[in-house]
Amino acid sequence: MSLSIDIRKHFPSFDLEVQFDAGDEVFGLLGASGCGKSLTMRCVAGIEKPDEGRIVVNGEVFYDSAAKINLKPQQRKTALLFQNYMLFPNLTVEQNVGAGIPKSVSKTERQAMIDAELKRFDVAAFAKRYPAQLSGGQQQRVALARMLAARPGILMLDEPFSALDAHLKSVLEQNLASLFDAYKGTILYVSHDIDEAVRFCDRIAVVERGHVMELDTSRELIDSPRSMAGLKLSGCKNSVEVEKLSDTHVYCPQWGVKLRVPVPVPDDVRGIGVRAFNLSRAEGPGCNVYRMRVDRTSDSRFERMCLLSFMDRRADAEPLVEATDQEMHFLHQRVFWRVSMREPDVVLPEVGDELLIRIPTEQIYVVTR
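The present account deals with the structure reproduced in this document. From a predicted model like this one, the values you see are computed outputs, not experimental measurements.

## Brief notes about the environment of arginine 199
Here is step 1: With respect to the helices, strands and loops of the structure, arginine 199 is situated in helix H6 (residues 194-200).
Here is step 2: Taking the C-alpha atoms as reference, arginine 199 lies 34 Å from valine 347; in sequence the two are 148 residues apart.

As structure tokens, then:
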């Protein structure tokens, strides 16, 4: 089972240019809203038509602009799960599950396939009910059962948990795990949530403005991001563009300071990143130690997030924005620092505090894209 895709499509806001290959794995498309993740999936399903390129699933050509091949959606044998599950309201649960099974399948075999999936997803008791009589979680299980019953050549899921609260999401993730265990083939998974993608995906493609910026295992994306998009999507709160000063140092215009980095600075360096929980208090001057002021704090259940500004910005740096009517500019000039509330005797920073903060050199990511 495999997917090979190499397509291009022009849109007013950006050009979709996507190329990758996937095997028997859960392959994630991770990116912000409107970056082209769902468009890519819709092109595979045949809902959108690329301008040019090629899509091959399990050796069957779905689309080839050069050969003038463009199979209709119903010919592609794909299963696409949308955010709202798209159940047929006029069909019972049993009928919904059987909706994708080919008509060539005998009545006896068809019923056996339906019963197997109803049992797998624990919805056999609702077989005669209609979607409107089910909870959101039950509807999702029916949608997953329908996907497997159709025996598709590829599974595709488009942000299936985006509208769920945290508790229901954690429960329904187990249903999805059952689906993935039962299906042997390529699964395309679209998400903008890094934690969700890491839990489910073997490999992840980071998508930005219609392009794959990097493609790696989920663990490598967390531990060694290689692009600005990858930094941001991996949850790195502090990701900023920089300029090369030397083989060891970069200058950050937004922060107004220079930093030492752990690797030789490439000539085409684009940015650096450091995770908010890696910052720490310093007892005195040192490498990458800065005088900072706490400008804002916000608390969650177990931590305090602080926004810090550099007090010794370079003389030629842009003036520090204080007014919150320039909120994004205000945020970009500051560093996020995550302080745990679980440590005993911790002294929590307060707004107005002036502190020495270390940005650990060995924890800085350097990216060129």
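## Side note on the nonpolar core
Here is step 1: Residues Val97, Leu144, Leu157, Leu176, Leu179, Phe180 and Tyr189 are the most contacted members of the largest nonpolar core, which totals 46 residues.
Here is step 2: Those residues in contact with valine 97 that lie beyond four places of it in its chain are Ile114, Glu117, Leu118, Val142, Ala145, Arg146 and Ala149.
Here is step 3: Residues Leu3, Phe11, Cys43 and Ile55 belong to the second largest nonpolar core, which totals 29 residues.

## Digging into the pairing of strand S15 (residues 257-260)
Here is step 1: Along S15, the buried face is formed by Val257 and Leu259; none of Lys258 and Arg260, which line the opposite face, is buried.
Here is step 2: The sheet contact formed by strand S14 (residues 249-252) and S15 spans four bridges and is antiparallel. Its bridge partner lying in S15, histidine 249 is registered against arginine 260.
Here is step 3: In sequence, S14 turns back onto S15 through a hairpin of four residues, with glycine 256 there showing a positive phi of about 75°.

## Quick word on the sheet that holds S14
Here is step 1: Pairing is antiparallel in the open sheet, where three strands are placed in the order S13-S14-S15. Two strands in the sheet have a free side with no partner beyond their single neighbour: strand S13 (243-244) and S15.

## Quick look at the environment of proline 131
Here is step 1: Tracing the backbone through its elements, the reader meets proline 131 in the loop between helix H3 (107-120) and helix H4 (136-149).
Here is step 2: Measuring from C-alpha to C-alpha, the distance between proline 131 and aspartate 345 comes to 53 Å, with 214 residues separating the pair along the chain.
Here is step 3: Once you skip the residues sitting within four places of it in the chain, proline 131 turns out to touch Leu87, Phe88, Pro89, Leu91, Asn96 and Gln139.

## A short note on the packing of aromatic side chains
Here is step 1: For the structure on display, the rule yields seven aromatic pairs.
Here is step 2: Ring centres of phenylalanine 11 and phenylalanine 14 lie 5.8 Å apart, and the angle between their planes is 35°; this geometry places the pair in the tilted category. By the burial criterion, phenylalanine 11 is buried, and phenylalanine 14 matches it.
Here is step 3: An aromatic cluster of three or more residues is present, and its members are Phe180, Tyr189 and Phe200.
Here is step 4: Seen from the ring of phenylalanine 330, arginine 334 lies directly overhead, with NZ or CZ sitting 3.8 Å from the centre.
Here is step 5: One cation-aromatic arrangement involves arginine 342 over phenylalanine 302; the distance from NZ or CZ to the ring centre is 4.3 Å.

## Describing the sheet that holds strand S22 (residues 365-367)
Here is step 1: Strand order in the open sheet formed by three strands is S12-S16-S22, and the pairing between neighbours is antiparallel. Only two strands of the sheet have a single partner each, and these edge strands are strand S12 (238-241) and S22. With direction set aside, neighbouring strand axes in the sheet form an average angle of 20°.
Here is step 2: In this structure, strand S16 (residues 271-274) lies alongside S22, joined through three bridges in antiparallel fashion. The residue of S22 that forms the bridge with glycine 273 is tyrosine 365.

## Concerning H4
Here is step 1: The end-to-end C-alpha distance of H4, which contains 14 residues, comes to 20 Å, matching closely the 20 Å that a straight helix rising 1.5 Å per residue would cover.
Here is step 2: Among the 14 residues of H4, twelve are classified as buried, and the element is accordingly described as predominantly covered.
Here is step 3: Among the residues of H4, those classed as buried are Gly137, Gln138, Gln140, Arg141, Val142, Ala143, Leu144, Ala145, Arg146, Met147, Leu148 and Ala149.
Here is step 4: Residue arginine 151 follows H4 closely and has a positive phi angle near 50°.

Calculation notes
- Numbering of residues starts from 1 in every chain and runs along the sequence as written.
- In keeping with the model being predicted, local features are shown solely for residues with a pLDDT of at least 70 and side-chain atom pairs are shown and tallied solely at 80 or more, while totals for entire chains, interfaces and linings include all residues.
- Values reported for side chains reflect all heavy atoms of the structure, with hydrogen atoms and water molecules removed beforehand.
- Helical segments are the DSSP runs of H or I of at least four residues, strand segments are the runs of E of at least two, and each set is numbered from the N terminus.
- The definition of a nonpolar core used throughout is a set of buried Ala, Val, Leu, Ile, Met, Phe, Trp, Tyr and Cys residues joined through side-chain atoms within 4.5 Å.
- Using a 1.4 Å probe on the protein chains alone, a residue whose accessible area is under 20% of its type maximum counts as buried, one over 50% counts as exposed, and one in between counts as partly exposed.
- Note on contacts: a residue pair is in contact if any heavy atoms of the two residues lie within 4.5 Å.
- Two strands qualify as a pair provided DSSP detects at least 2 bridges between them.
- We call Phe, Tyr and Trp rings a pair once their centres come within 6.5 Å, taking the six-membered ring for Trp, and we label the pair stacked below 30 degrees between planes, edge-to-face above 60, and tilted otherwise.
- Note on geometry: a ring has a charge over it if NZ (lysine) or CZ (arginine) is within 6 Å of the ring centre and within 35 degrees of the ring normal.
- Angles here are taken between N-to-C directions and fall from 0 to 180 degrees, while the axes themselves are lines fitted to C-alpha atoms, restricted in helices to the stretch in contact.
- To estimate the expected span of a helix, count its residues, drop one, and scale the result by 1.5 Å.

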